[in-house]
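Summary of structural features
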Amino acid sequence: MRSRTGRPRRLLLVVAAAALVVLAGCGTAKNNGQNALQPKGPAAQKINNLFVPIAIIAIVIGILVLGATVWFAIRFRYRAGKNDNPKQVHGNTRLEIGWTIAPALLLAVIAVPSVSAIFELAQNPGPQALQVTVVGKQWWWQFEYPDAKVVTADELVIPAGRDVHLSLKACEDQVCNVIHSFWVPELAGTRDVVPGQTNELTIKADNPGTYLGQCKEYCGLSHANMRFRVIAKTPAEFQDWIRGQQQGPANPLLQDGKPAGDAQRLIVNTFECTNCHSLEDSSVPSYGPNLTHLASRDYFASANLPLNRTNLVDWIMNAPGILPMQTEQTKCRPAPQTGCVGMPSFTENVPAGQPKMTRAQAEQIADFLLEQK
Ligand code: CUA
């Protein structure tokens, strides 16, 4: 005969196994660099301080309510041969007042620190903060330093220990004016990036390091790949970085108005990279990422690829083969304003009359770009 306890025990095992799998997702042994529960700056710390006690309260209440539901369901379940109806009652005033007031009080208590944190986090950090304008594009981030007159992409370099006041905007072009959301989980909460509007967010990294960011609002094909890195440097290193970015390009693109060499000729004339990218002025925003100092970055391609020769050559030849992008060639070239989103492929589906790029040509362009420190 089967033991009476066999079924509940098996059920318990299944529940325990499921709980283990779910809880494994909370493991902090391996830091993925995007863990909001491991704050590395004051804004993220404030949010975490609020989140943890409220989560504990919610978990305790959740367990009590679910536990009671299950217990009542088992305790008062239908049993064969025992069909007596329970005692019929109509309401219980004391109970009902109790379970209305208790949650209302709890919500009121939680609201006090929540609302005050919202206002504290929205405070303008003041004039000592570094100002950066962030522009969400499809599918990459542009960072403009208006005081230093520096424009870069994919990597937001900031001084550690100092407030950084971000003005967040979205691409205004008709082909790319979609909503994004800016999020560096270890440094701050999220902020939507909305066309026609400037939103603000203050971030600060306590220590030098690299903090991973991600677009958090679905914005099209490569939303999941719309990453960026926040690189916090010491104040001295940051000043060095700014000075480096303010320099002209290591190798000039043009000489007397004409391409200064073979690689430059490929870039300007053959493949018209300059339609979208700025390569000789790091102070101007461009339709595609400003590449004047590309080689000073560790990552490129929306911070998806480490910057090295192999990755860069593959990217130059066929970027949409690496990250999905809308690149209908007829729309894409030669005028990007007419409907191109993302980088075109120079090796696949090249429209008639346009040159197809060889690997040797891509290597020549890559070698030029890798010298632009
Ligand atoms: Cu940008 Cu999602």
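Presented here is an overview of the structure given in this document. Every residue gets a number counted from 1 within its own chain, in the order that chain's sequence is written. Totals for whole chains, interfaces and linings use every residue, but because this is a predicted model, local features are given only for residues with pLDDT of at least 70 and side-chain atom pairs only at 80 or more, for both listing and counting. To obtain the side-chain values, all non-hydrogen atoms of the structure were included, while hydrogens and water were left out.

Attention now goes to the state of the cysteines. In what follows, a disulfide is any cysteine sulfur pair within 2.5 Å. Inspection of every chain in the model, using the stated rule, returns 1 disulfide. For cysteine 171, the disulfide goes to cysteine 176, at an S-S distance of 1.8 Å. Side by side, cysteine 171 and cysteine 176 carry an identical accessibility label, which is buried. There is no disulfide at cysteine 273, and the cysteine sulfur nearest it, in cysteine 276, is 8.9 Å away. Type-normalised accessible area, obtained with a 1.4 Å probe on protein chains alone, sets the label of each residue: buried when under 20%, exposed when over 50%, and partly exposed for intermediate values.

This paragraph deals with the packing of helix H6 (residues 309-318) against helix H8 (residues 359-370). Think of each axis as a best-fit line through the C-alpha atoms, taken over the contacting stretch in the case of a helix, with angles from 0 to 180 degrees between the N-to-C directions. Per the convention used, a helix needs a DSSP run of H or I reaching at least four residues, while a strand needs a run of E reaching at least two, with both numbered from the N terminus. Here H6 crosses H8 at 120 degrees, and the two axes come no closer than 9 Å. Comparing the axis directions of H6 and H8 gives the class oblique. Note on packing geometry: the crossing formed by H6 with H8 is right-handed. From H6, Arg309, Leu312, Val313, Asp314, Ile316 and Met317 reach across to H8, where they touch Arg359, Ala362, Glu363, Ile365, Ala366, Asp367, Leu369 and Leu370. Partitioning the contact of H6 with H8 into residue classes produces 9 nonpolar, no polar and 5 charged. Put simply, angles under 35 degrees are roughly parallel, angles over 145 are roughly antiparallel, angles from 65 to 115 are roughly perpendicular, and the rest are oblique. Helix crossings fall into two classes, left-handed where the near helix is turned counterclockwise from the far one by less than a right angle and right-handed where it is turned clockwise. Contacts between residues were defined by any pair of non-hydrogen atoms, one from each residue, lying within 4.5 Å. Each residue is assigned to one class: nonpolar for Ala, Val, Leu, Ile, Met, Phe, Trp, Tyr, Cys and Pro, charged for Asp, Glu, Lys and Arg, and polar for all the others, Gly among them.

Of the positions making up helix H5 (residues 262-270), those classed as buried are Ala263, Gln264, Leu266, Ile267 and Val268. Buried-residue contacts for H5 involve strand E11 (254-255), strand E12 (258-259) and H8.

Glancing now at H6. Here H6 lies mainly inside the structure; 7 of its 10 residues are buried. Next to the buried residues of H6 lie strand E13 (299-300), strand E14 (305-306) and H8. N or O atoms closer than or at 3.5 Å make up a polar contact, with two conditions inside protein: a donor-capable atom paired with an acceptor-capable one, and, for residues adjacent in sequence, both atoms drawn from side chains. The opening residue of H6 is asparagine 308, an N-cap whose side-chain oxygen sits 3.3 Å from the backbone nitrogen of threonine 310.

A few words now on the side chain of glutamate 186. Looking at where glutamate 186 falls in the secondary structure, it is placed in the loop between strand E6 (180-183) and strand E7 (191-193). Setting aside residues up to four positions removed in sequence, glutamate 186 forms contacts with Asn31, Gly33, Gln34, Asn35, Gln38, Pro39, Lys40, Gly41, Ala44 and Tyr211.

In this analysis, rings of Phe, Tyr and Trp, with Trp reduced to its six-membered ring, are considered paired at centre separations within 6.5 Å, and the interplanar angle assigns stacked below 30 degrees, edge-to-face beyond 60, and tilted for intermediate values. Applying the stated criterion across every chain, the model contains 11 aromatic pairs. Pairing phenylalanine 72 with phenylalanine 76 gives two aromatic rings, centres 6.0 Å apart and planes at 15 degrees, and the pair type is stacked. A relative accessible area of 45% places phenylalanine 72 in the partly exposed class. Of the residues examined, phenylalanine 76 reaches a relative accessible area of 56% and is grouped as exposed. With centroids separated by 6.4 Å and ring planes inclined at 45 degrees, the aromatic side chains of tyrosine 145 and phenylalanine 238 adopt a geometry described as tilted. Taken as a pair, tyrosine 145 in strand E2 (residues 140-145) and phenylalanine 238 in helix H4 (residues 235-246) lie far apart in primary sequence, 93 residues in all. Members of the aromatic cluster, connected to one another through ring pairs, are Trp141, Phe143, Phe182 and Phe228. By the criterion adopted, a ring carries a charge over it if an Arg CZ or a Lys NZ lies within 6 Å of its centre and within 35 degrees of its normal. Directly above the aromatic system of phenylalanine 76 lies the positively charged group of arginine 75, at a separation of 5.0 Å from the ring centroid.

With that settled, consider the pattern of salt bridges. The rule for a salt bridge is simple: a side-chain nitrogen of Lys or Arg has to be within 4 Å of a carboxyl oxygen of Asp or Glu. Applying the stated criterion across every chain yields a total of 6 salt bridges. Salt-bridge contacts for glutamate 186 lead to lysine 40; the nearest nitrogen and oxygen are separated by 3.2 Å. Highlighted residues: glutamate 186 in the loop between E6 and E7 and lysine 40 in the loop between helix H1 (6-24) and helix H2 (42-75), separated in sequence by 146 residues. For glutamate 186, a relative accessible area of 3% puts it in the buried group. Ionic pairing is found between aspartate 367 and arginine 309, a salt bridge with its closest N-O pair at 2.7 Å. Remark: arginine 309 occurs in helix H6 and aspartate 367 occurs in helix H8; sequence separation between them is 58 residues. A residue is classified by how much of its surface remains accessible, and aspartate 367, at 31% relative accessible area, is partly exposed.

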